[in-house]
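# Structural characterization, general
Chain by chain, the residues:
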Amino acid sequence: MGTAERRRASGSGGARVRGRRETGAADHAIPVAEAAARVNREVAPVHEGIARVHRKDAPASEAGRAARARQQYRPLWVEEPARRRRLPDPVRTAAVRAVLIIALTLMQAMVAFLCAMAGSWLAFPMVISSVVSTIVATWAVLDVWVTRQVWNQRNGVVSMPSSTARALRRERRRARRQTRAAERAQGRIRRRSGAGQLSHS
């Protein structure tokens, strides 16, 4: 045999082997495809269930993210509700005036003390002015208290049984009732007098 014949023989043998291999691979590919299809069929419900769970958990996860964001966010200050109500305008004005007068009095007293320690001639007039301003500051503090009491009595904010505002309201109600009763009585008397005149005529 020559080399050409050997090549032909080997080529035909190789073709046969390849043909056998290809047919075997095809035979094996069919059951593998069927097994893969079965696996896909069995796994499909599991994937659907997981997808449903993820869909249900989506809002919860969003809420959790929002809660985490809120926890991480820290405002610069926290607004607290006012413990006391705002002072009325006249009371607040008197309080501001008293605070200013007290501050001025303290400044005068400090200047008088320093002048006295330094031996300056301003010590005597500053002492006199500080005494006068002390009297004025005392009056300003009393004015705040008096203004507050007057406002409470006039507007009836104080919820006490002995409140003057309640007494005033009661007196007004009584006066209104008395005037209404007097008007009704006068109306009845007029009606009766008119009816008597008609009957006599």
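Residues numbered from 1 in each chain as written. Predicted model: local features only at pLDDT ≥ 70, side-chain atom pairs only at ≥ 80, totals over all residues. Heavy atoms only, no water.

## As for the side chain of Gln108
- Along the polypeptide, Gln108 turns up in helix H2 (residues 89-118).
- Once residues lying within four places of it in the same chain are set aside, the contact partners of Gln108 are Met126, Ser129, Ser130 and Ser133. (Helix = DSSP H or I, 4+ residues; strand = E, 2+ residues; numbered from the N terminus. Contact = heavy atoms within 4.5 Å.)

## Topic: the packing of H2 against helix H3 (residues 123-155)
- Their axes nearest at 8 Å, the elements H2 and H3 cross at an angle of 160 degrees. Here H3 runs roughly antiparallel to H2, going by the angle between their axes. Crossing handedness for the pair H2 and H3: left-handed.
- Considering only residue class, the contact of H2 with H3 consists of 21 nonpolar, seven polar and three charged. (Axes fitted to C-alpha atoms, helices over the stretch in contact; angles between N-to-C directions. Parallel < 35°, antiparallel > 145°, perpendicular 65-115°, else oblique. Left-handed = near helix turned anticlockwise from the far one by under 90°. Nonpolar A, V, L, I, M, F, W, Y, C, P; charged D, E, K, R; others polar.)

## Quick word on the pattern of salt bridges
- Per the counting criterion, the structure on display carries two salt bridges.
- With a closest N to O distance of 2.6 Å, Asp89 and Arg92 form a salt bridge. Taken together, the residues span about one helical turn, with Asp89 and Arg92 both in helix H2 at a distance of three residues.
- With a relative accessible area of 49%, Asp89 lands in the partly exposed category.
- Residue class for Arg92 comes out partly exposed when judged on its relative accessible area of 27%.
- Here Asp143 makes a salt bridge to Arg97, at a shortest N to O gap of 2.7 Å. Placement of Asp143 in helix H3 and of Arg97 in helix H2 is noted, with a sequence separation of 46 residues between them. (Salt bridge = Lys/Arg side-chain N within 4 Å of Asp/Glu carboxyl O. Buried < 20%, exposed > 50% of the residue type's maximum accessible area, 1.4 Å probe, protein only.)

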